[in-house]
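Single-letter residue listing:
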Amino acid sequence: MRARLPPLAWLVLAALLRSGGALAVDPTELPDPRLQARYVALTHELRCMQCQNESLADSPVDLAADLRREVREQLLAGKSDDAVRAWMAARYGDFILFRPRYSWRNAWLWGAPAVLLLMGAVVSWRVVRQRTTLLAGDDQPVEEDLPG
Amino acid sequence: MNRFLLPLGAFLLLAVVLAIGIKHSPEKGVIASPLVGRLAPQFSLPALSDPARQVRSADLKGHWYLFNVWGTWCAECRAEHPVLLKVQRAGIVPLIGLDWKDDAAQARQWLAQLGNPYATVAVDASGRAAIEWGVYGAPETFLVNPQGIVVYKHVGALTDDTWAREILPRVSAAAAGS
């Protein structure tokens, strides 16, 4: 049996596929698809220093284009992703990395979610335990609390 | 009692953490440069006054200099220009310009019109030298010591205040020490 999409779905799908190309700031295509995939991933996780809340891949400013050129050339020269990240951070600081590095300085950043989760778990465990002891201690039938 | 102490304690802890964060955050929008305390990047670029001549970082070693990144497309650079002229007149630290991704003819015209505060201007047509210096917007100014180490970076237009409070004391302290 063949699933048939309603016409509207086709329209939406077509619009989605087209908009991907229309929105792209960066037309770069590297010869090797694996290199291209790494290029796309890297330019998305490096910050445009001028706009600060956009990635290199999304930013139309000149400096972002210059930094994308660096990423492209370094990947073509055979550099690893980590080497490219380190090269960028040496010039622009860790701020350029949207994904913070694992280091003692950043430990609180990486550790905070786990600590908060643990705190939440402890609090909810205590609340649940308090309520169960309350229920256990309440040996009066519920009906007797009601007036009449 | 415990019911109120716990949230209050959590609130106070959060307030302390945020207060420390705010106190230690640098000026709004200014990002600390990893270059400060390290050797200035090497470069060899054509001079604005004569493209056949090269401006080399190696030639700048041995004395203090201010490395100023600018461009004629940059409005803030026009605002900072009078301060640069004052710095030049003071004659304490020479200004080395980096004309960043600019039209060389327009840049020469700019200096002819507004006055030239620079000892020499290097042309960075490709923008690669600016990236080596970690520049993300013009104007930016770096103070480099005789050993070639970047000791201070200022982002945005240089002001009389920055000159008097940040740059001059660093240079004169070194002059007094030697």
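It should be noted that the structure appears before, not after, this text.
As a starting point, this report considers the structure included with it. Owing to the predicted nature of the structure, the values given are computational and were not obtained by experimental measurement.

From N to C terminus, chain B includes five helices and seven strands. Reading chain B from its N end, one meets helices and strands in the order α-β-β-β-α-β-α-β-α-β-β-α. Against the compact-globule benchmark of 16 Å for 178 residues, chain B has a radius of gyration of 20 Å, which places it well outside the compact range. In terms of overall dimensions, chain B has a C-alpha envelope of 80 × 40 × 30 Å along the principal axes. Nonlocal contacts in chain B, meaning residues at least 24 apart in sequence, comprise 72% of its contacts between residues at least 6 apart. As displayed, chain B offers around 9,500 Å² of accessible surface, 62% of which is attributable to carbon and sulfur atoms. Chain B carries 16 positive and 14 negative side-chain charges, and their two centres are separated by 6 Å.

Residues and elements named next belong to chain A. Following both chains from N to C, one finds helix α3 (residues 62-76) and helix α4 (residues 81-92) inclined at 145°, their axes separated by 10 Å at the closest point. As for how α3 packs across α4, the hand of that crossing is right-handed. Note on element contacts: α4 touches α3 through D81, V84, W87, M88 and Y92, opposite L63, L67, E70, V71, Q74 and L75. Grouping the constituent residues of the contact of α3 with α4 by class yields eight nonpolar, one polar and two charged.

Relative to the helices and strands, A:N106 is located in the loop between α4 and α5 (107-137). Among residues more than four places away in sequence, those in contact with A:N106 are A:D94, A:P100 and A:R101.

A separate point is α3(A). Taking 1.5 Å per residue as the helical rise, α3(A) with its 15 residues ought to reach 21 Å, and the 21 Å between its terminal C-alpha atoms agrees with that figure. The inward-facing, buried residues of α3(A) abut α2 (33-45) and α4 of chain A together with β4 (95-100) and α4 (128-132) of chain B. Following α3(A) by one or two positions, A:G78 adopts a phi angle in the positive range, close to 90°.

Right, let's talk about the packing of aromatic side chains for a bit. Counted according to the given criterion, the structure contains nine aromatic pairs over all chains. Between B:F43 and B:F67, the aromatic rings sit 5.5 Å apart at their centres with planes inclined by 45°, giving tilted as the arrangement. Placement of the pair is B:F43 in the loop between α1 (2-24) and β1 (44-46) and B:F67 in strand β3 (residues 65-70), with a sequence separation of 24 residues. Using a relative accessible area of 0% as the deciding quantity, one classes B:F67 as buried. Here the aromatic cluster, defined as three or more aromatic residues joined through ring pairs, consists of B:F43, B:F67, B:W133 and B:F142. Taking NZ or CZ as reference, A:R47 lies 3.9 Å from the ring centre of A:F95, over its face. The aromatic ring of A:W87 is capped on one face by A:R91, whose charged end is 3.9 Å from the ring centroid.

Another aspect to go through is the pairing of strand β7 (residues 150-155) of chain B. All names here are of chain B. Inspection of the sheet shows strand β6 (residues 140-144) paired to β7 by five bridges, in the antiparallel sense. When the bridges of β7 are listed, V144 appears paired with V150. Connecting β6 to the next strand, β7, in antiparallel fashion are five residues, including G148 with a positive phi near 85°.

Of the residues lining the interface, 17 residues belong to chain B; the matching set on chain A comes to 18 residues. Of the roughly 1,500 Å² buried at the junction of chain B and chain A (both faces included), carbon and sulfur atoms supply 50%. Linking chain B with chain A are five salt bridges. The closest approach of N and O atoms between B:K101 and A:D62, which form a salt bridge, is 3.7 Å. At the boundary of chain B with chain A, the tally comes to seven residue pairs in polar contact (both at pLDDT 80 or more). For the side of chain B that touches chain A, a count of residues per class yields seven nonpolar, six polar and four charged.

Rules of the game
Residues numbered from 1 in each chain as written. Chains lettered and ligands numbered in written order. Predicted model: local features only at pLDDT ≥ 70, side-chain atom pairs only at ≥ 80, totals over all residues. Heavy atoms only, no water. Helix = DSSP H or I, 4+ residues; strand = E, 2+ residues; numbered from the N terminus. Rg over C-alpha atoms; globule rule 2.2 N^0.38 Å. Contact = heavy atoms within 4.5 Å. Areas by Shrake-Rupley, 256 points an atom, 1.4 Å probe, with all protein chains shown as cover. Lys, Arg positive; Asp, Glu negative; His and termini not counted. Charge placed at Lys NZ, Arg CZ, Asp CG, Glu CD. Axes fitted to C-alpha atoms, helices over the stretch in contact; angles between N-to-C directions. Left-handed = near helix turned anticlockwise from the far one by under 90°. Nonpolar A, V, L, I, M, F, W, Y, C, P; charged D, E, K, R; others polar. Expected span 1.5 Å × (residues − 1). Phe/Tyr/Trp six-rings, centres within 6.5 Å; stacked < 30°, edge-to-face > 60°. Buried < 20%, exposed > 50% of the residue type's maximum accessible area, 1.4 Å probe, protein only. Lys NZ or Arg CZ within 6 Å of the ring centre and 35° of its normal. Pairing = 2+ DSSP bridges. Buried area = accessible area lost by both parts, 1.4 Å probe. Salt bridge = Lys/Arg side-chain N within 4 Å of Asp/Glu carboxyl O. Polar contact = N/O pair within 3.5 Å; in protein donor to acceptor, adjacent residues only side chain to side chain.

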